[in-house]
Amino acid sequence: MANALLDVQDVVIRFGGIVALDHVAFTVPEGTVCGLIGPNGAGKTTLFNCLSRLYIPNEGDIRFKEQSILSTPAHAMADLGIGRTFQNLALFPSMSVVKNIMVGGHHTKRSDFLSNALRLPTVTREEHDLEEQAWELVDYLGLHEVAHLPVAALSFGLQKRVELGRALASHPKLLLLDEPAGGLNHDDIDGLGKQIQQIRDDRGVTVLLVEHHMSLVMAISDKVVAIDFGRKIAEGTPAEVQRDPEVIRAYLGTEDAQ
């Protein structure tokens with residue numbers, strides 16, 4: 001088994017008297033696709049928001065590359081090597097596809113406010129490098145025909161691909177995908193699954209995804225973690241998790257249902 005890139009250690013989140021996450025612990029091995037599943041309200045998004053540093057756990061730790069991330073501010077997560085897409089698209093509708101993807105790489109720029117104001121040669125070089133990188137991702141994700149169009153003019157499926165490109169532009173080691181198949185049709189979902197596995201293989205990116213489409217999760221994941229009512233109820237291969245009585249009960253209400 002590969003070394004753990006991400007190590008979630010007994011994370012507890014409380015909102016008033018409600019325990020949203022109850023000592024959740026699991027690891028994501030480097031170079032894998034890990035699916036995070038659970039019924040609505042299970043705590044999946046809460047956990048993602050902890051990983052993105054939008055929430056601060058009341059207890060426990062989250063370690064990335066063996067270092068705690070709990071003191072890292074949310075805006076610095078990309079610098080650590082953690083990228084994320086969102087369930088509700090967070091693109092710039094009036095900007096072109098290539099410009100939206102370029103935004104994902106801006107954290108790598110080292111120029112300061114004065115350099116940008118004076119348009120020094122270093123700024124020009126950095127912008128050129130960002131644009132080159134964005135065009136490489138445009139080609140990689142099959143977006144060349146729409147590269148100059150404003151994102152608002154694209155189908156929802158293409159917009160999802162643009163957001164994926166923007167996340168990849170930050171050069172993540174760990175990519176957090178929040179409901180990437182939401183709103184997609186059957187053919188788009190099949191293509192998305194192949195694309196996620198290709199990103200893992202081509203770019204050495206470890207993927208953690210929250211997803212309701214069980215067929216997608218089970219088809220592409222190397223490992224699956226199931227949570228319900230804020231507790232981890234199963235962890236293992238897709239086949240192991242599918243057979244787990246707690247998972248069957250959580251989704252179907254009975255251990256005997258098939």
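Everything quoted here is computed from the prediction, not taken from an experiment.

Visitor: Explain the nonpolar core here, please?
Guide: Nonpolar side chains in soluble globular proteins generally cluster together in the buried interior. Counting 34 residues, the largest nonpolar core has V97, I101, L143 and V162 as its most contacted members. Of all elements in the fold, only α3 (97-103), α5 (121-140), α6 (156-168), β7 (174-178), α7 (186-203), β8 (206-210) and α8 (214-220) reach the threshold of two or more residues within this core. Both domains that meet at this core, namely domain 1 (1-81 + 172-258) and domain 2 (90-171), each give it at least three residues. Setting aside residues no more than four positions away along its own chain, V97 makes contact with V138, L143, V146, A147, L149, V151, L154 and V162.

Visitor: Just to check I follow, could you spell out the side chain of T206 for this structure?
Guide: Relative to the assigned elements, T206 resides in strand β8. Taking relative accessible area as the criterion, T206 reaches 0% and is therefore assigned buried. With residues near it in sequence (within four places) discarded, T206 still touches L5, V28, P29, E30, G31, T32, K173, L174 and L175.

Visitor: What exactly am I supposed to notice about the domain arrangement of the protein here?
Guide: A common way to report how large an interface is uses the accessible area buried once the components associate. Domain boundaries in the protein define domain 1 (1-81 + 172-258) and domain 2 (90-171). Once you take the C-alpha centre of each, domain 1 and domain 2 turn out to be 27 Å apart. If you look at the interface, domain 1 gives 18 residues, while domain 2 gives 14 residues. For the pair domain 1 and domain 2, the summed buried area comes to about 1,300 Å², and 58% of that belongs to carbon and sulfur atoms. Area buried by domain 1 at its contact with domain 2 is led by P172, Q195 and R203, which between them contribute 41% of it. Here domain 1 is connected to domain 2 by one salt bridge.

Visitor: For this particular structure, what's the right way to read the pairing of strand β1 (residues 4-15)?
Guide: Successive side chains on a regular strand alternate, one facing one side of the sheet and the next facing the other. Inspection of the sheet shows β1 paired to strand β2 (residues 18-29) by eight bridges, in the antiparallel sense. Looking at β2, one finds that F15 is bridged to I18. With antiparallel pairing between neighbouring strands as the criterion, β1 and β2 make up a hairpin whose turn holds two residues, including G16 at a positive phi of roughly 65 degrees. Where β1 and strand β4 (residues 59-64) come together, five bridges link them in antiparallel fashion. Each bridged residue has a counterpart across the sheet, and for D7 the counterpart in β4 is R63.

Visitor: Can you help me understand helix α1 (residues 44-51) in this one?
Guide: For an α-helix the count is 3.6 residues per turn, leaving residues at separations of three or four pointing the same way. Most of α1 sits inside the fold, with seven of its eight residues counted as buried. Turning to α1, its buried residues number three or more, namely K44, T46, L47, F48, N49, C50 and L51. Just downstream of α1 lies R53, where phi reads positive at about 70 degrees.

Visitor: Hey, could you run me through the environment of A134 in this one?
Guide: Examined against the element boundaries, A134 turns out to sit in helix α5. Relative accessible area serves as the criterion here: at 1%, A134 is assigned to the buried category. Along the backbone, A134 and G105 are 29 residues apart, and their C-alpha atoms lie at a distance of 8.3 Å. Excluding its chain neighbours within four sequence positions, the residues that come into contact with A134 are V98, I101 and M102.

Procedures and definitions
Residues numbered from 1 in each chain as written. Predicted model: local features only at pLDDT ≥ 70, side-chain atom pairs only at ≥ 80, totals over all residues. Heavy atoms only, no water. Core = buried A, V, L, I, M, F, W, Y, C linked by side-chain atoms within 4.5 Å. Buried < 20%, exposed > 50% of the residue type's maximum accessible area, 1.4 Å probe, protein only. Helix = DSSP H or I, 4+ residues; strand = E, 2+ residues; numbered from the N terminus. Domains from an automatic or database assignment. Contact = heavy atoms within 4.5 Å. Buried area = accessible area lost by both parts, 1.4 Å probe. Salt bridge = Lys/Arg side-chain N within 4 Å of Asp/Glu carboxyl O. Pairing = 2+ DSSP bridges.

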